[in-house]
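# Breakdown of the fold
Listed below are the residues making up each chain.
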Amino acid sequence: MNQLDEVVKFALYQCRARNNPITETLASYVAQTILNKRTNKFYLEEKLNESELNELKNETLNKLSNQNAPDLKTIQLQIQYDSAYVEMELQRQEKIKKQSNETGKYIDDVVTLEIKNAKDFEGLTTLYTKMFHYLIYKNKELIEDPINFDAQAQFNMDKEVGAALESVIPRAALGPFVSLNPSEKVTQLVELANLVIGIRLFNKKIGKGGVSLSSLEDLTKYNARELSEQIKQIALETIEQCEIYTTFFINQDKFQMNNEDIEKYKDELAFLRQYLSYILSLQEDIEQSEAMIEQNRIRFIKEMEDLKKLLEHKSSAPKEQVYPKFALLAQSHIGLFEDKQISIERVELFRLLVDLRKMMKLSMPLAIQKQCKQMESTQPDNLALINYQPESGVQRLLPQNTPDFMQTQLDYFGFCIWSVVKKNGLLIPGKPSLGVFRYRDKNCVFSNEIAINEFLSEPQRYLTGVIDICRQKPHLIRLFRVEENFKNLNLKLTFESGSLLSNKLMVDKDVQTPVHFIEKNLDPNYCWNEWELRRKAIQMANIRKRQTKASQTILSNFKVDSEAQVYEMKDQSTSTGQNKGLNPLRPRNYIVGLRDKTYNQQ
C-alpha cells in the first residue's frame, strides 16, 4: 500500500467512526487534489516523512468532515451524476453488444448450414428450423417484461411467428434462398425479421395476435414523457438563482459582507452552475428523444392506416405493396421501443439530480436575494473601449466577420476567465456580443471591456491562471472541462457491476488513418486451396466410376471424352511407342478414348 492509499483508508475509517460515511472515490479525489495544491502533482514521487504524511491525513479528513461545504457538495454532485450516467451507458452498450452477438450466432447458424441441393429435404427442414429460432429471438427482444412472460405466452408467440414465416417463405420455397451467397442471405434474414414483426403488429391492431408486443399507446404514453416540462421548470428556477448570485457579485460593493461569506457564495454559485449544466444537458437529450418518438409515432400511424386500406376487405394483397409497409411498421415500432428505454433511464438521472439538489442548502439570506432581483445584473456594452491590436496574437471573432459565429464552441463553459483569475474563482458569464477572442485554440469570452483589454495585454497569464485556480478549487475542473490539464488525476468511479471508469490519460501518438476506406467482402466459405478444388472437381465429374485402361498415363487425367482431341508428341512421357529415334517409316500405333472406348489404329 502506497502512502496515498494509506491517506484514503485513514479518511474512510475516521469518517465512518464519526458516523459520516463517504465513498472511496470521494476520499481519493479530495486527497489527490490536496496533494496537488502542495506539489502540483497528483501522485507521490518521493515518500513523505511521518509529519508530512500526518499533515496530509489531517487536512484530507478536515476537508471531508465538512459535509455541508458547497465545494464538497459540488464534487459529490459531479462524481455521483457522472458515475450514474456512465454506468447506464455501459449497461445499455453491454445489452446492445449481447443482443448483437446472439443475433450473429443465429444468423451464422443459418448462413453456414451446408445443403446438398434444393431437393435435400432434411437439410431444408433444418434450415427452416434455424430460421424460425432466429425469428423467435428477434421477437423476444421486443418484450418489455421478460420476467412475467409465461409459457402460454411463449406458445402463442411461437404459433404467430411460425404462421408469419410460412406466409412469407413456405418451406417448399426455400430453394432460391439456398442459392444465395452469404451476404445476400444475411440481408434476406434481416428483412424477414422486419416482415414477421410487421405482420404481428398488424394482427395485434386488428385483434388477431401480437402477443408480447407493446401497443402504440404503451410506447408513447408513459410518465417519462412528462419529464420535459418538469426539467424546463427546474432549469428556469436554477437560472433565476444563478442570476441573483451574479447580480450580487456585480454589485458587491453595495453589501457589507465578510470575506468568508463571499467565498461561500462563490462556491454556492459554482454548485448552481454545475447543476444547471447537468439539467440543460439532460433537457437536450430528452428533447432529441421526444423528437425521435414523435417522428416514429407519425410513421407508425401512417403505415398502419395504409395497411388497413390495402387489406381491409381482402384476404390477400400483392407482396410488392404490403411487404414494404410491414417492414416500415416494424422499424417504427423498434425505434419507439428503444426510445422508451432511453427515456426511462433519463428519468432515473433526473431523480438523482433532484435528490442531490435537495441536499444542498443555499446560505444567502432572502433579504439580499430580494434586493438583487431589483438591481441591474448587466451593463451596456461599449465596443469603442476595446483596445484590440491584431499583432497581439489574439484573434477576434465578431458576427460580421465570422459566418459560423453562432456555432463557435466556447471554452471554459463560456465564463469570463478574467473574473475567475482576478476574483478567485468567481463565475461570471461572458458576453459573446463583445466578441470571441481566440488564443492558442482557446475561444474566450469576457464580461466587460476592462477584462478584454487586460486579457489582450497578457493572454497567457490568464490561461495559466485558470489552471492555477482549478488546482486550488478542484470542483471547477469538470465545470470548465479542463481535464486534459490534469492528466494524472487518477479518479476511478466504481460501479455496482464492478466496472471502472478512469479519466482518460492522453499521450502523443501517431495514428495513420486511410483517406478512403476499402470495404472487403470476404466469403468465409470460399475454398482457396487449388488442390482441394481439383479434388472436388474430379469428385463432381464422377471419374472414379469410369472404366479406364491399364495403359493410362499419369497425364491423361486432364483429357476429356472427345476423340478429336490431339496432344503433342512427347519424348519420354508417353506409352504409345512414339519415342525419339524410331523409324519414321514404321507404322505407328495410337491409343485414343482411354476413358470409355478402345481403338487400335494402324
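These figures come from a predicted structure and were not determined experimentally. (Residues numbered from 1 in each chain as written. Predicted model: local features only at pLDDT ≥ 70, side-chain atom pairs only at ≥ 80, totals over all residues. Heavy atoms only, no water.)

Quick look at the overall build of the protein now. Along the backbone of the protein there are 18 helices and five strands. By the burial criterion, 40% of the 602 residues in the protein qualify as buried. In the protein, the proportion of contacts linking residues at least 24 apart, taken out of those at least 6 apart, comes to 72%. (Helix = DSSP H or I, 4+ residues; strand = E, 2+ residues; numbered from the N terminus. Buried < 20%, exposed > 50% of the residue type's maximum accessible area, 1.4 Å probe, protein only. Contact = heavy atoms within 4.5 Å.)

As a further point, take helix 13 (residues 366–374). Two residues of an α-helix separated by three or four positions point the same way, owing to the 3.6 residues in each turn. Those residues of helix 13 that sit buried are Ile368, Gln369 and Cys372. Buried residues of helix 13 fall within an arc of 100 degrees about the axis and therefore sit on the same side. Facing away from the buried surface of helix 13 by more than 90 degrees, the exposed residues are Leu366, Lys370, Lys373 and Gln374. Where helix 13 is buried, its residues contact helix 10 (227–250). (Arc of directions from axis to C-beta.)

Before going further, it helps to spend a moment on the environment of Asn117. Examined against the element boundaries, Asn117 turns out to sit in the loop between helix 4 (70–111) and helix 5 (121–140). For the pair formed by Asn117 and Ser179, sequence separation is 62 residues and the distance between their alpha carbons is 8.8 Å.

Within the largest apolar cluster, 92 residues are counted, with the highest numbers of intra-cluster contacts made by Leu64, Phe249, Ile417, Leu427, Phe446, Phe455 and Phe480. Tallying contributions element by element places helix 11 (residues 259–311) first for this core, with 12 residues. Residues contacting Ile417, with those up to four places away along its chain left out, are Tyr412, Cys444, Val445, Phe446, Phe455, Tyr462, Leu463 and Val466. In this structure, Tyr128, Leu165, Leu192 and Val196 belong to the second largest nonpolar core, which totals 47 residues. (Core = buried A, V, L, I, M, F, W, Y, C linked by side-chain atoms within 4.5 Å.)

On the basis of which strands lie adjacent, the open sheet formed by three strands has the order 1-2-3 and antiparallel pairing. At either end of the open sheet lies a strand with only one pairing partner, and these are strand 1 (395–397) and strand 3 (442–444). Going from strand to strand, the sheet's axes swing by 30 degrees on average, the running direction of each strand aside. In terms of strand pairing, strand 1 meets strand 2 (residues 436–439) through three bridges, oriented antiparallel. Of the residues in strand 2, the one forming a bridge with Leu397 is Val436. (Pairing = 2+ DSSP bridges. Axes fitted to C-alpha atoms, helices over the stretch in contact; angles between N-to-C directions.)

To continue, consider the packing of aromatic side chains. The final tally for this structure, using the stated rule, is 16 aromatic pairs. Ring centres of Phe202 and Phe326 lie 6.3 Å apart, and the angle between their planes is 70 degrees; on these two criteria the pair is classed as edge-to-face. Here Phe326 lies in helix 12 (residues 319–358) and Phe202 lies in helix 8 (residues 182–205), a separation of 124 residues in the sequence. Pair check on accessibility: Phe202 and Phe326 agree, each one buried. With a centroid separation of 6.2 Å and 55 degrees between ring planes, the pair formed by Phe415 and Phe480 is classed as tilted. Placement of Phe415 in the loop between strand 1 and helix 14 (417–422) and of Phe480 in helix 17 (residues 476–480) is noted, with a sequence separation of 65 residues between them. For Phe415, a relative accessible area of 4% corresponds to the buried category. Among the aromatic side chains, those forming a connected cluster through ring pairs are Tyr245, Phe248, Phe249, Phe255 and Tyr265. Looking at Arg461, its charged tip hangs above the ring of Tyr462, at a distance of 5.2 Å from the centre. Its end group placed over the ring of Trp531, Arg534 keeps NZ or CZ at 4.7 Å from the ring centre. (Phe/Tyr/Trp six-rings, centres within 6.5 Å; stacked < 30°, edge-to-face > 60°. Lys NZ or Arg CZ within 6 Å of the ring centre and 35° of its normal.)

One non-glycine residue, Phe413, adopts positive backbone phi at about 60 degrees. By secondary structure assignment, the location of Phe413 is in the loop between strand 1 and helix 14.

Taken as a whole and assessed by the stated rule, the structure comprises 22 salt bridges. The salt bridge partner of Lys325 is Asp306, with a shortest N-O separation of 3.0 Å. Here Lys325 is found in helix 12, whereas its partner Asp306 is found in helix 11, with 19 residues between them in sequence. A salt bridge links Arg471 to Asp468; the shortest N-O distance between them is 3.1 Å. Of this pair, Arg471 and Asp468 both sit in helix 16 (residues 459–472), three residues apart, which is roughly one turn of the helix. Under the relative-accessibility criterion, Arg471 is labelled buried at 17%. (Salt bridge = Lys/Arg side-chain N within 4 Å of Asp/Glu carboxyl O.)

The next thing to look at is the environment of Leu383. Turning to its location among the elements, Leu383 is positioned in the loop between helix 13 and strand 1. Ignoring any residue separated from it by four or fewer positions in sequence, one finds Leu383 in contact with Arg396, Ser433 and Leu434.

Looking at the secondary structure, you find Ser447 in the loop between strand 3 and helix 15 (449–457). Each residue touching Ser447, except ones within four places of it in the same chain, is listed here: Cys416, Ser419, Ile428, Pro429, Gly430, Lys431 and Leu434.

Attention shifts here to the packing of helix 4 against helix 5. Relative to each other, helix 4 and helix 5 sit at 165 degrees, their axes nearing to 8 Å. With respect to their mutual orientation, helix 4 and helix 5 come out roughly antiparallel. Of the two possible hands of crossing, helix 4 and helix 5 adopt the one that is left-handed. Within the contact between the two elements, helix 4 uses Lys98, Gln99, Glu102, Thr103, Tyr106, Ile107, Asp109 and Val110 and helix 5 uses Leu127, Lys130, Met131, His133, Tyr134, Tyr137 and Lys138. For the contact of helix 4 with helix 5, a count of residues per class yields seven nonpolar, three polar and five charged. (Parallel < 35°, antiparallel > 145°, perpendicular 65-115°, else oblique. Left-handed = near helix turned anticlockwise from the far one by under 90°. Nonpolar A, V, L, I, M, F, W, Y, C, P; charged D, E, K, R; others polar.)

When pLDDT drops low, the exact placement of atoms in the prediction is not to be read closely. Per-residue pLDDT for the protein has a mean of 79; in total, 81% of the residues score no lower than 70. Element-level pLDDT for the protein is lowest in strand 5 (residues 500–502), with a mean of 38, against a maximum mean of 92 in helix 14. With pLDDT under 50 throughout, residues 554–562 is counted as low confidence; its partners more than four residues away or in other chains account for 16 contacts. (pLDDT = per-residue confidence, 0-100.)

This part is about the pairing of strand 2. Here strand 2 runs beside strand 3; their pairing, made up of three bridges, is antiparallel. Across the sheet, the residue bridging to Tyr439 is Lys442, located in strand 3.

A few words now on the side chain of Ser419. Examined against the element boundaries, Ser419 turns out to sit in helix 14. When sequence neighbours within four positions are dropped, the list of residues in contact with Ser419 reads Asn424, Gly425, Leu426, Ile428 and Ser447.

What follows covers the packing of helix 8 against helix 12. Running from amino to carboxyl end, helix 8 crosses helix 12 at an angle of 85 degrees, the nearest separation of the two axes being 7 Å. In terms of orientation, helix 8 and helix 12 fall into the roughly perpendicular class. Residues Asn194, Leu195, Ile197, Gly198, Ile199, Leu201 and Phe202 of helix 8 pack against Tyr323, Phe326, Ala327, Leu329, Ala330, Gln331, His333 and Ile334 of helix 12. Considered class by class, the residues forming the contact of helix 8 with helix 12 number 11 nonpolar, four polar and no charged.

Before going further, it helps to examine helix 1 (residues 3–17). Taking 1.5 Å per residue as the helical rise, helix 1 with its 15 residues ought to reach 21 Å, and the 21 Å between its terminal C-alpha atoms agrees with that figure. Listed in full, the buried residues belonging to helix 1 are Gln3, Leu4, Val7, Val8, Ala11, Leu12 and Cys15. Asn19 lies just past helix 1 and shows a positive phi near 60 degrees. (Expected span 1.5 Å × (residues − 1).)

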